[in-house]
Amino acid sequence: MNDSIDVGDVDFDFVLVGNIDNVLINLPLGLKQAGFKTLLIGAKGMKLLSDPNIDKVIRLDNSGQSEFVEELLQKQKFLSKCTGTFLWCSDEIMKVVANSSASSELKKKILPFRNPEFFKMLDSKVCQDNVFKSLGINTPESYVIDSATEKSVPNIDGASTPVMIKRDSSGGGAFIKVAGRNSSISIDAIPKNWFPILIQDFVPGRTVSVEAFYREGELKFWLYSLFEKETSRFGPSVVRQYLTPLNLDFLDPLSRLGKQGLITGFVNATFILSRETDEHIIIEFDARPNIWHQAFGNFGVPFKSLWESPASTKSVAENLPKTLLYEPYRLFNHFLSRLNILGAVRVILGHEFTNYGSPVLSTFYLAFNRKSNLLRLCLFPLMPFRNVLLKATVVVKGKLPRRVGIWIDNSALKGFILKLLIR
């Protein structure tokens, strides 16, 4: 692998871009096994820089999100010539690119939406909700409060139907409050940095994820799963049940969003399978991969031939075996946080669990991860305080001068802490 940019070497199937490993961590393994050629444009300290499944690496010097994007966009000549589908590490970083001074043509090339009108959906629950409604897509009843000083709405009431209060930008479930039936939450109790906020009716039912794969606006392939266990209430999934759904009503909204947004890339769509109506009701549409997208490898899906077939050629996931899978990084963290050392060791060994199933295809088991997994196993007494430590570091950094914050973002210490506590 080579850290320098050779403008002559621009032919790739996929380009993974980001300043953190995050949702990209498992993709190289799945893409390599499927037969694709992959480029990583990453920041120092990322585990992915050492992933043997990546064909070429370009390492940027800045780890902070804004600084990373600024450095990345200094290489617009290379980016404009580079082939392949760009897959990003987060919604937030795509939003920074969308709001940058880069040319419109470059943005349409490297962002998942080729229709710039849909850039507003990036990292915005409010704008996603607006787009769903404008396209006539079934989504929960909702309204928006733009500011914490909006005196016309002193309280958010659950009344006869519980409501969910969601911060506009992403947060993996950490930025959601619920006003239960016949209860209310004062608007003054909502942190000011949440606004605007989306107030959305709570729909009882099962949480469904659809990993969607688009080319030129066409939905090429999808995988359907039910959440069986989450890291926390409304948080990321740890265990999923993959199956063939009985009701395919979710395909119409996915197809409409793809065609209107002219999407090329991987999308993480979340629905509620209503307990009352058996309908799929969309609640999120994040135009980026998630940590489960490589699951096509668990099912022997011929993804390369599907992806490279004409845009109009689609594949329906018929007769997918009902399969319970766990995400190894997350289940490992779950066991460590509960001081369940035996369970953590069993995850390291790739064991199957009665309640959690078998591991999804993951770089967790590659040799370059072995030392850090064993180190974290040895430091297991820290893990119950993992969330507290992470929140404390965020709060402390927020009180420091911006120059110091940038230095921390680019420091080796931050990279070590993130590897230890997050992965």
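Described in the following lines is the structure provided in the data block. Computed from a predicted structure; not experimentally measured. (Residues numbered from 1 in each chain as written. Predicted model: local features only at pLDDT ≥ 70, side-chain atom pairs only at ≥ 80, totals over all residues. Heavy atoms only, no water.)

### Some points on the sheet that holds strand E12 (residues 218-230)
Across a sheet, strands are paired by hydrogen bonds formed along the backbone, either parallel or antiparallel in direction.
Here is step 1: Strand order in the open sheet made by the seven strands is E15-E14-E11-E12-E13-E16-E17, with mixed pairing throughout. Edge positions in the open sheet fall to strand E15 (280-286) and strand E17 (358-359), since each of these has one partner strand only.
Here is step 2: By the bridge criterion, four bridges tie strand E13 (residues 237-242) to strand E16 (residues 323-326) in an arrangement that is antiparallel. Its bridge partner lying in E16, Val239 is registered against Tyr326. (Pairing = 2+ DSSP bridges. Helix = DSSP H or I, 4+ residues; strand = E, 2+ residues; numbered from the N terminus.)

### Quick notes on the packing of aromatic side chains
Here is step 1: In total, this model carries 27 aromatic pairs according to the counting rule given.
Here is step 2: Ring plane angle 85 degrees and centroid distance 5.0 Å describe the contact between Phe14 and Phe36, whose orientation is recorded as edge-to-face. Separated by 22 residues along the polypeptide, Phe14 in strand E1 (residues 14-17) and Phe36 in the loop between helix H1 (27-34) and strand E2 (38-43) bring together distant segments of the chain.
Here is step 3: Judged by its relative accessible area of 0%, Phe14 is buried.
Here is step 4: Note on Phe36: relative accessible area 3%, which makes it buried.
Here is step 5: Relative to Phe364, the ring of Tyr329 has its centre 5.3 Å away and its plane inclined at 90 degrees; by these criteria the two rings are edge-to-face. Here Tyr329 is found in helix H9 (residues 328-337), whereas its partner Phe364 is found in the loop between E17 and helix H11 (367-378), with 35 residues between them in sequence.
Here is step 6: Judged by relative accessible area, which is 0%, Tyr329 ranks as buried. (Phe/Tyr/Trp six-rings, centres within 6.5 Å; stacked < 30°, edge-to-face > 60°. Buried < 20%, exposed > 50% of the residue type's maximum accessible area, 1.4 Å probe, protein only.)

Any link to function would need more than the numbers given here.
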